[in-house]
Structure formats: C-alpha cells, structure tokens
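Topology and contacts: notes
Listed below, chain by chain, are the residues.
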Amino acid sequence: MSNPEERQAQESAGPPEELLRIEGIRKTFPGVVALDSVDFDLRRGEVHVLLGENGAGKSTLIKMLSGAYRPDAGRIVVDGRETRIHGAQDAERLGIATIYQEFNLVPDLTVAENIFLGRQPRRLGMIDRKRMEADAEELLRRVGLTVSPRTRVRELGIARLQMVEIAKALSLDARVLIMDEPTAVLTSEEVDKLFGIVRALREDGVGVVFITHHLEEIAALGDRVTVIRDGKSVGQVPASTPEAELVRLMVGRSIEQQYPRERPELNTTDAPLLRVEGLTRDGVFHDVHFEVRAGEVVGIAGLVGAGRTEVVRAVFGADPYDKGTVEVAGARLPRHDVNAAMAAGVGLVPEDRKGQGLLLDASVEENLGLVTLRSATRAGLVDRRSQRVAAARMAEQLGVRMAGLGQHVRTLSGGNQQKVVIGKWLLADIKVLILDEPTRGIDVGAKVEIYQLVNELTAAGHAVLMISSDLPEVLGMSDRVLVMAQGRIAGELAAGEATQDSVMALAVSTAASPATTPVHNEVEGSRGH
Amino acid sequence: MATDTLKSSTAGAGGLRRVLLDNGALSALVVLVIAMSLLSGDFLTTQNLLNVGVQAAVTAILAFGVTFVIVSAGIDLSVGSVAALSATVLAWAATSEGVPVWIAVILAVVTGIACGFVNGALISYGKLPPFIATLAMLSVGRGLSLVISQGSPIPFPQSVSRIGDTLGGWLPVPVLVMVVMGLITALILGRTFIGRSMFAIGGNEEAARLSGLRVKRQKVVIYALSGLFAAVAGIVLASRLTSAQPQAAQGYELDAIAAVVIGGASLSGGVGKASGTFIGALILAVLRNGLNLLSVSAFWQQVVIGVVIALAVLLDTVRRKAGATPTAAGATSGPGGSKGRQAAQYVIAAVVAAAIIGGISLWNNGSSGKSTKLGLSVSTLNNPFFVQMKAGAQAEAKKEGVKLTVTDAQNDASQQANQLQNFTSEGMSSVIVNPVDSDAVGPAVRGANKADIPVVAADRGVNKAKTATLVASDNVAGGRQAAKTLADKLGGTGKIVILQGTAGTSASRERGQGFAEGIKAYPGIKVVAKQPADFDRTKGLDVMTNMLQANAGVDGVFAENDEMALGAIKALGSKAGKSVAVVGFDGTPDGLKAVEAGTLYASVAQQPKELGRIAVQNAVRAAKDKKVAEMVKVPVKVVTSKNVASFK
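Owing to the predicted nature of the structure, the values given are computational and were not obtained by experimental measurement. (Residues numbered from 1 in each chain as written. Chains lettered and ligands numbered in written order. Predicted model: local features only at pLDDT ≥ 70, side-chain atom pairs only at ≥ 80, totals over all residues.)

As for the overall build of chain B
In plain terms, the rule: A run of H or I in DSSP counts as a helix once it spans at least four residues, and a run of E counts as a strand once it spans at least two, with each numbered from the N terminus. Three exposure classes are used, all based on how many other C-beta atoms lie within 10 Å of a residue's own C-beta (placed from the backbone): buried at 20 or more, exposed at 12 or fewer, and partly exposed between those limits. Here the contact rule is simple: place C-beta atoms from the backbone, and any two residues whose C-beta atoms are within 7 Å are in contact.
Across its full length, chain B carries 26 helices and 16 strands. Across the 648 residues that make up chain B, the buried fraction comes to 57%. Restricting to contacts in chain B with at least 6 residues of sequence separation, those with at least 24 account for 77%.

Encoded structure:
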C-alpha cells in the first residue's frame, strides 16, 4: 500500500544513489527515427517501469543499454561517468544485465551450464563441474527455483526458464537488471512469484528497468514510470498514477473503455455453430465438451499447461485426438485435417504469432493472401491481382499501419502483425474463429482495435472461441467462460457470474473434484482489478 | 581499372545504379564481365558470349530446379546424378533397346520426376532430413546409371542430339532451352499456387500448414519438379556430347546450389528468384570461360572460382546489411506506381547493358595475334600421369617458343567440351586434347574442325571427328604385357585379383581388355575377383582390404594404374612383393619408387612426358600446315627392378 514517495523517504536518508542516466538519446535507422531525445534515469533499489505502445521505442532503448545498438546522439552516464556501451561485454562489465522476451538459453545444456555459459569455473583447464553446480544451486535458491542444476533447460517450462535467466543475471553481479515484458507469458501465480524475486532484488539495491503492458502491475511493483511515445519520453510519473492517466500518456488520447464488448442478443434455440463432445487425447486432455453459438464469444481460461492450446489445435485439425467428435454447423469434421476444418469455416489464430502465424520475411500482401491462395488459383495460376486488391482492402479495413503492402511483416509492430494474422482468416469467410492468446504482447491501443474486430465478427453472426491468460480480458470480452484445469473443463461461468476469484478457483481445482461452484479462499488473481 | 569503368558507365544512368545496388549478384556479374573484357580481347565476341550461354545452360537448368527446393527451405543434392540417370535412360532405351525416340524422351523425363518424387516422399512421409534423403538419391541415381549403361557411355540418338546443336547456324539450342526453362521457373515461382506455396513453406512451414496448405503433398511436388528440371538438364548435357555418360554431371549439384545462393536465395528458405539463379549460373560460366581465355593455371582456377563465389555472396550480404531497412524494404516494393517504376528501371538497365556489351562484341572480332598459340585440355590433373604429360608438353612448348594454355577438365566431358569451345573461339593455332571420353569429345572437336583448327589427340582417340594425329601409348598392348609379366612371375599358376579403374573410362576398358586377352594364354591363372577402385590410391587400399577378407590366398594383383597398385600394396602390408606379386600400370614416379623398393613387382610404364612432348611437336607442325603422321605410338615398357634405373 505504501506509495513510492513514502517508501523512498523511509528507506534512505540522502537521495538514492543514481545508477544510470540517459540524456537526449537519439537513434535513427535509415528512413526511421526510432528514438528522438529520450531521457531516463535509474536509481539504486528501485523498479523503474518503461511504458509505451509497441513500436514506441522501448526495445531500441534497452538495446542501447545492452550494447546491441549505439546511439547517434545523446549521453549514457553510468555511476556518474559518461560511458559508451559497444557490445555485450561492455554492458556486462558495467553490471547491466538484460532479460529479453526471447530467452538466450541453450536448450540442450544444463541449468548450471547455461547460467555460467562462457564463464564456466575452470580448474587445470577443465571445467570444474562441482563448483559450477554448487554456485548455480546457490543462485537458484536466491530466485526460489527448486530444480537441480543438472536439469536440461529443454525440460523446463517458460516460467522456470525466466528464473534461470534471472539467476544468470545475478551470477553476473548485475546492478542494473532490464526485464522486457517478463510477465507476458506467465500465469498470475508465476507473476506473484516473479514479483517476490524482483522485490528482493530491489532490497539488495539492484536497479530494475521493467517493461510491461499490464498496467495493474505498475502500481503493484513499480516505483516510477517513464512513458515513451513515438520515440520521445513524454513523461515521468510515480507508479501510483491512475491507469487512465497512464493510458492517456501512452497513446496520446484517452481510451474510453478497455473491454468494449457489445453482447448481441443470442437466440439460444439455434443449433450451435461449433459443438465439441468427449474430445480426448490420452495424457493431454480428457472428455472436453463445449458449444459455441453464432454471435457468441466463448473464453477459455486456465493455467498455462491446462491443455487449452492443445484442445483448440485438435478442434482445428492441426493435431490428432483419440476420442470424441467435433461438429461445425451440425456436420462432423474428420479428425486431424486442417483443410476440412477450413472448408467448414473454422480459422485459428495461433498462440505463437511469429512461430506459427506469420511468414515473417514475406510481405503483408503475401501473409494476408495465404489462406485464400488456393481459392484464388485457377488452373494452377494464382490471380495475384485479385489477391492484392483483397489484401489492400483488408489492410485498410483493419487499419494495419504499414509503409505499404510490400513491407515485410517482421518489421511491423506486434499489434499490426496480429491484425494481419486475423485478416487472413477474415478474407477466407470463416464462421468460427479461434483466437489463442490474441493480445499477448500487444499494446493497449491495438488491443482495443482487436476487441472491436471481435465485436464486428460476432455482430455478423460468426462465433469466436478465445483462449487467454489475461483474466481481465477473458472476463471483459467473453459471453461465457470455460475454465480448464489439468486437461479437463473444470467449469463454465456466465459473463455475469464470472469473477477473477471464481475463475482462478476453478483453474486450480484438481481433476478429481471438478468444482462447479467458485471457491474463494484458495488463490487470488493478482492481475487487474 | 574495372571499377573506374563501372563508375563512369553507371554515373549517367541513375536507374542502372539503383538496380545494381539492389542486386548484389547482378553487380558482381557486371564487374566480372567488364574485368574479363578488359583482360582478354577474346571475351566480348558474339561467339564467345554464345559459348558462355551454352556453358551456363546445364548448370542453370539444374539450378532452376534447385531454386524451388531451396526456396521451400530444402536442399537437393541428387540433381547431378538424376541428370546423368535420365540421359542414360534415354540413350539406353533409344539406342540399346530400340524404343521410339519420343517414348525414350518421355521415359527420361519420367525417370527424373520419379527420382524427385522418391526424394519428396522420403522427406515428407519418411521424415528424413532433405540433406540425407537427396544424398541417398545421389548415390542411387549414379549407381543406377552405371548399372543401365554397364559403365560405358551410350551414343545419344541423333534426333535428340540436335538439342546440342545450333538453330539457324548461330543460336545454340541449349541457350534457348535454358531461357525457356528460366521463364517457366519465373512463372512457377511468381504466379502458380505451388510456387507461392514454396515461399510460404520456406518462410514458415508451421504457419503454412495452419493456413491450410498441404505441406507434405506440396513438398513431394517441389522435389518432383526439381527432378524434372534435372532430367531436362541431363538431356541437354548428353545432346551436347552426343553421348550419355554414366559419370556425367558429377558435382554439378554443388554448382547448382552455388548458383542459387549467389543469386540471392537464402538456404534457410523463403527467398529466391529465377532471375537471381540465372545470374548466379552466368557468373560461374563467365568465370570458367574467362579463366580459360586468360590461360590461368588449372590449379589456380579452382582457387579463383571459390574466392569469387564467396565474394559474390558476401557482396550481397553486405549490401543487405547496409541498405535493407524496414522502410527501405517497404518502399522499394511498395504498391502500384513504384513497382512499375522499378520494372522500368530493370528494362532500362537491361537495354543499356545489352547495348554496351553488344557494341563492344561486334567491334571485337577476336584477337589477331600472329604468334603460334596452342591449347591443351587435359582430362584430369588429379593423377600424376597427366601432370607429367602436362610437364612434358610445357617443356616442349618452351623449347619451341610457342604459347601453351593448359586447362583441366576434371574428368568431366562437358567441361572439356567447354574448354575446347573456348580454345576455338580464342583462335588457337592448334589444339591438343586428352579426351575424358572419346565419344563425348566428338562434337567439340568437330567445332574446331569447322574453324579449321587442327586437333591433336593425346593418350586417347577422338571418335566421329577429324584429328590431325593421335599420340598414344597402346593401352590394350600394355594390358597384354601386364598379363604376361604377372603370369610369368607366378610360374603360370595361381589366384589373382584385379583392381579396375573408374567404370566407364576408356583407359579402364582397354587395359582390362588387354589383360583379359593376355591372361587367356595361361589356363593355370585364375581371376578370383575383380572390383573397381576408381584409379584412386585410397580406394585401392579399401577395396583390396575388402577383397583380401574374401580371398585370403591371393598370389597376384593387377591394378589398372599405379595409384591403385600402391593402395593394394598398403593393404597387403608385408606380403607385398614377397608372397603376393603386384603389377601396376603407368610407371609414375611413386610407382617406380615402389618397383625399386621391391613392393611393386612391375609397372607397365607409359612415358607421359614423352607423350606430352610429342603431342606438342605434332601440334606445332600441324599449326604450320606441315604433314603429320596419323598415329604416333609412344612406346610402352614393362619396368621391373632390373631396368628401373633407366626410367628415372
């Protein structure tokens, strides 16, 4: 509950020691100004949140600090001395460690080897495994990770990978820890744990630069916030600043409603568009059953690993299943057949946008036309003119911000990339759209645009099935919420009765006792309000 | 000098400069062409440019097929073998089996497609990595073409061989085929469903699958297409040589892959263009042609080619790093208007380049040097025998005061054809050829005949073309002598094994034939095993080791050259020269040393230096229109420890 000013006053008699200062940093890439006069500073023992929409320049800024880019103009001051950071070694020497969204770990090496990669303790030229593992164990204890240092990194889940990254940063005696959206892929429990570790680091005097798109995390963890918009720092405010104000600073306008769901009148006597019954893949999910009606948004909540993605991939035909049926508009779909699902009007926006949704080095036009490639083919030849016209229309309709249809999607911001993935399905006239984590890593402004799209789809009589780990999103956008736990549907909640607590209670319920009534006392959702 | 010219010629046309900057491979080609033109007066002639086209054709057609595979993030190592197999199938069906030619052609094309289909099926459904699946096909294809042809080249049917000729007396058909295949490639990549799928699969296979592309099926089609192109390349190759060679197109897959990558494609998939691949193939052809014209040493040629491949790709990488940015990428290929402008720039660039090159090429009518220039195309310099022959030739040329250009055909009949073509357009006074294959060298020698350039054949004859003289040692007689020497040493009884040379080469055939004839006179000698070791010392060692496992009590070994004999001696260990008598062939320096040491009982010595010397003598005489004998026999002698001293 303490606000940052109070905390500072309590903790230090004098002004807190300044670790890092950036003044008037400018960075241009040919044709683009990525950063233009950005100021930022970091003190000992604080969590300084960097806030901004995707493409605002946050990543460029932290790459400047980690030595990946060099500024064109401006000063970087570390410990009161002006410094140049010309590579990872320089950053390491200055005690600056960065944890990127994509982890820098080698899957087939052990945890200990990863932590000390390139700096393995040596004895007589040989790696001193014993010492390395003992040191690693100590570091793992500090981050509260209970795995053997001899575990292969491949076997760890995403949250634990992150802990290993933090342990690696600690092993470097980092005084500045930069974390790029560390919570984007974590469940709320895992987020709690991460916050505990970050707070402990703060107590130890480490300065943390924290990037997040979850506004509620700012007040929970941060001390100060620097907001970046269009490559400029537009304000520095205390973390206690109201969310609406933060959003206004970030997007340059105020956003009326974060979850603008318009629920259409449902005709419950209609046959469901999508009906799934008894769907089972041994050891992964069991007896999954649900229905989605025309005009409805059904959300699937649950912890990471509950089997949500696996179920929707099986429904879409991307993966096989052992038992059960999937029906679209009353017609049964063959098992493990993406084309049949598509022909029946089902589309999937996958969880891993870059890995499964996009051809990153192809143009916007090509990506938008991917699903309709076959239907635009006559006698083996693709009608590229009609494909281009359709792509141009869709890009316009979705408001994809790009230099032109020829721009490679790799260079688009996350939100615009996601619009392209959704757009390729809209072009294909689908009836049921499955969205798997549709707004992960997307900024507030683009999120709302995607929600508007969902509204338009359901208003047109289509159905949407949406997986999300972002509880406020599931609650705000769904008409019904299915909660999965351990591969089973643990319960179903109507939009009106679903709360963060009730959803979380179901999400952690064991398969043995599929709770249908919310249990309030077990876990508290920590994200959102 | 070269760069100055480039600057001055591009400064005027901003569009041209733009195109060059946007395309690393094209600029590399332009630099190369300018450099070659400045360095050799023979380069920019109409005839030589057509030669470059012909010489690029086979690599380019193979590379077009490989482009499909590489764009879809695969690799195809089998195209060279598949090309040889398809050509062999065609020749075998038409010539040996009497099948109507058009059916034979269809059979050849179907063979290519089938090989590709198997590759694709193994990769898609067998889940083999493309590298492994196509490596397996590389071996299977080569083996099958040897099986079908029994190791010997088969004459190509006349009607199909016209593909290797010219149209209207000047336009070479291979160039035409190359251009047509290139246009088809561009169409497939740019406009067809399967082409667009290649980019999607190469860009992100999982995304393509989740977008409804039938990735597995399409991969099969992609590899089948590559096989189809390989078949076409094989037919073009064999037509040029009027002979289907089971050993043709070895290593061409690497040239094809290099051409694709030089052309700007990424080995990780998703990127690639027909025009780029075409330019890549041209770069390789210009390089080989130019280095021939410049008389660069055969050994250094390989170094230069490697360096240029690396530089061409490096240039592209550097350019991309410097120039390609998010907005630049978007801006250059933006919508409508700028795309049209870009196309216009390309057209302007092409017209300007064609005008400059065409103008100079008309002006250049070949070099007008008056001094005597000789060209020598050696079958391979991987073998000490031919290295010595080359040394003898060079020594004689120096003595006579004539200029001698030596090229190395690397045991590849079509490379040899290219080299002879280059010699012809360079206006050599006379050409010496040491054929890779007597049949396959025919068309190229006929080209020299047409240009009134006398041709001297060295070591092996030339079929179906006119040669001024043949300088050779008699391989068949040598084989007979080897048989006699070995049989006498064994006292007329015993078990022997034979190490054969590379299947399908004339040296192996003739020596083997002579030996077989000679050994008939000794009914007590039994040939217990016969295996090929490809004239190679290491293989000789391995094959001999294996044969000893199966035949312990061997008394004698005949190796069709000294290299294999030396390998066999290694395998025999202490038995060599004691309980087992080894007879080799060629009398190379290493062989003679072994004779001296007693491990090699005898070697049938040709006199390669002498051969080279006499070839040059005759070539000079022929160049001066003096009379030469139709056949000059260089004596062959059996060297044993008794007379070895006189050979050193």
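Quick notes on the overall build of chain A
Stated formally: Here the globule rule is a power law, 2.2 Å times the number of residues to the power 0.38, and the radius of gyration is based on C-alpha atoms.
The helix and strand tally for chain A stands at 18 helices and 24 strands. Taken over the C-alpha trace, chain A has a radius of gyration of 24 Å; the compact-globule value for 529 residues is 24 Å, and the two agree within 12%. Taking the principal axes of its C-alpha atoms as reference, chain A extends roughly 70 × 55 × 50 Å. In chain A, 66% of the contacts between residues at least 6 apart in sequence involve partners at least 24 apart.

Points about the sheet that holds strand S23 (residues 480-485) of chain A
Residues and elements named next belong to chain A. Put simply, the rule reads: DSSP calls a pair of strands paired once it identifies at least 2 bridges connecting them. Interaxial angles span 0 to 180 degrees and are taken between N-to-C directions of axes, which are lines fitted to C-alpha atoms, for helices over the stretch in contact.
Ordered by their spatial adjacency, 6 strands build an open sheet running S18-S21-S22-S15-S23-S24, and the pairing between neighbours is mixed. Taken across any chain shown, the strands that pair with only one partner, and hence form the sheet edges, are strand S18 (346-349) and strand S24 (488-494). Here the average twist between neighbouring strands, direction ignored, is 20 degrees. Contacting strand S15 (297-302), strand S21 (432-436) and strand S22 (463-467), helix H16 (residues 444-459) crosses the sheet at an angle of about 145 degrees to S22.

Concerning helix H14 (residues 274-293) of chain B
Residue and element names in this part refer to chain B. Applied cut-off: Here a helix's expected span is defined as the number of its residues, less one, multiplied by 1.5 Å.
Between its terminal C-alpha atoms H14 stretches 28 Å, which fits the 28 Å expected from 20 residues at 1.5 Å a residue. Across the 20 residues of H14, 19 count as buried, placing the element largely inside the fold. Where H14 ends, the next residue or the one after it, serine 295, has phi of about 55 degrees, a positive value.

Re the sheet that holds strand S14 (residues 285-292) of chain A
All names here are of chain A. Pairing is antiparallel in the open sheet, where 4 strands are placed in the order S14-S13-S16-S17. Each having just a single partner strand, S14 and strand S17 (331-332) make up the two edges of the open sheet. The pairing of strand S13 (residues 274-281) with S14 spans 5 bridges and is classified as antiparallel. Following the sheet pairing, valine 276 is matched in S14 by phenylalanine 290. The strands touched by helix H10 (residues 308-316) within the sheet are S13, S14 and strand S16 (323-328), with S13 carrying the most contacts at an inclination of about 115 degrees.

Remarks on the domain arrangement of chain A
Residues and elements named next belong to chain A. Rule in force here: Domain start and stop positions are those given by an automatic or database domain assignment. Residues are grouped as follows: nonpolar covers Ala, Val, Leu, Ile, Met, Phe, Trp, Tyr, Cys and Pro; charged covers Asp, Glu, Lys and Arg; every other residue, Gly included, is treated as polar.
By the assigned domains, chain A splits into domain 1 (1-94 + 174-251), domain 2 (96-168) and domain 3 (269-345 + 430-529). A separation of 25 Å is found between the C-alpha centroids of domain 1 and domain 2. With 19 residues of domain 1 at the interface, the matching set in domain 2 holds 12 residues. Top contributing element to the side of domain 1 that touches domain 2 by residue count: strand S9 (residues 176-180), with 5 residues. Of the residues belonging to the side of domain 1 that touches domain 2, the class tally is 14 nonpolar, 1 polar and 4 charged.

Here's the deal with the pairing of strand S12 (residues 556-559) of chain B
All names here are of chain B. In plain terms, the rule: If you view a crossover with the strands going away from you and the path from the first strand over the helix to the second runs clockwise, you call it right-handed.
Of the two faces of S12, both are covered, the one formed by Gly556 and Phe558 as well as the one formed by Val557 and Ala559. The pairing of S12 with strand S13 (residues 581-586) spans 3 bridges and is parallel. Residue pairing across strands places phenylalanine 558 opposite valine 583, the latter belonging to S13. With helix H24 (residues 562-572) bridging S12 and its parallel neighbour S13, the resulting β-α-β unit is right-handed.

Topic: unusual backbone geometry
Residues and elements named next belong to chain B. A positive phi angle, close to 50 degrees, is found at glutamine 410, a residue other than glycine. Structurally, glutamine 410 can be placed in the loop between strand S6 (403-408) and helix H19 (413-426). Glutamine 410 gets classed as partly exposed once you count the C-beta atoms within 10 Å, which come to 18. Not every positive phi belongs to a glycine, and aspartate 459 is a case in point at roughly 70 degrees. Structurally, the position occupied by aspartate 459 is in the loop between strand S8 (455-458) and strand S9 (469-472).

Let's talk about the environment of arginine 293 of chain A
All names here are of chain A. With respect to the helices and strands, arginine 293 occurs in the loop between S14 and S15. For the pair arginine 293 and methionine 484, spaced 191 residues apart in sequence, the C-alpha to C-alpha distance is 19 Å. The residues touching arginine 293, leaving out its near neighbours within four places in the chain, are Leu266, Asp270, Pro272, Leu273 and Ala463.

Observations concerning the packing of H19 of chain B against helix H20 (residues 442-450) of chain B
Residues and elements named next belong to chain B. Rules: Working definition: roughly parallel below 35 degrees, roughly antiparallel above 145 degrees, roughly perpendicular at 65 to 115 degrees, and oblique for all remaining angles.
The geometry of H19 relative to H20 is characterised by a closest axis approach of 9 Å and an angle of 5 degrees between their N-to-C directions. Looking at the two axes, H19 sits roughly parallel to H20. Where H19 abuts H20, its residues Gln416, Ala417, Leu420, Gln421 and Thr424 lie against Pro443, Ala444, Val445, Gly447 and Ala448. For the contact of H19 with H20, the class distribution of residues is 6 nonpolar, 4 polar and no charged.

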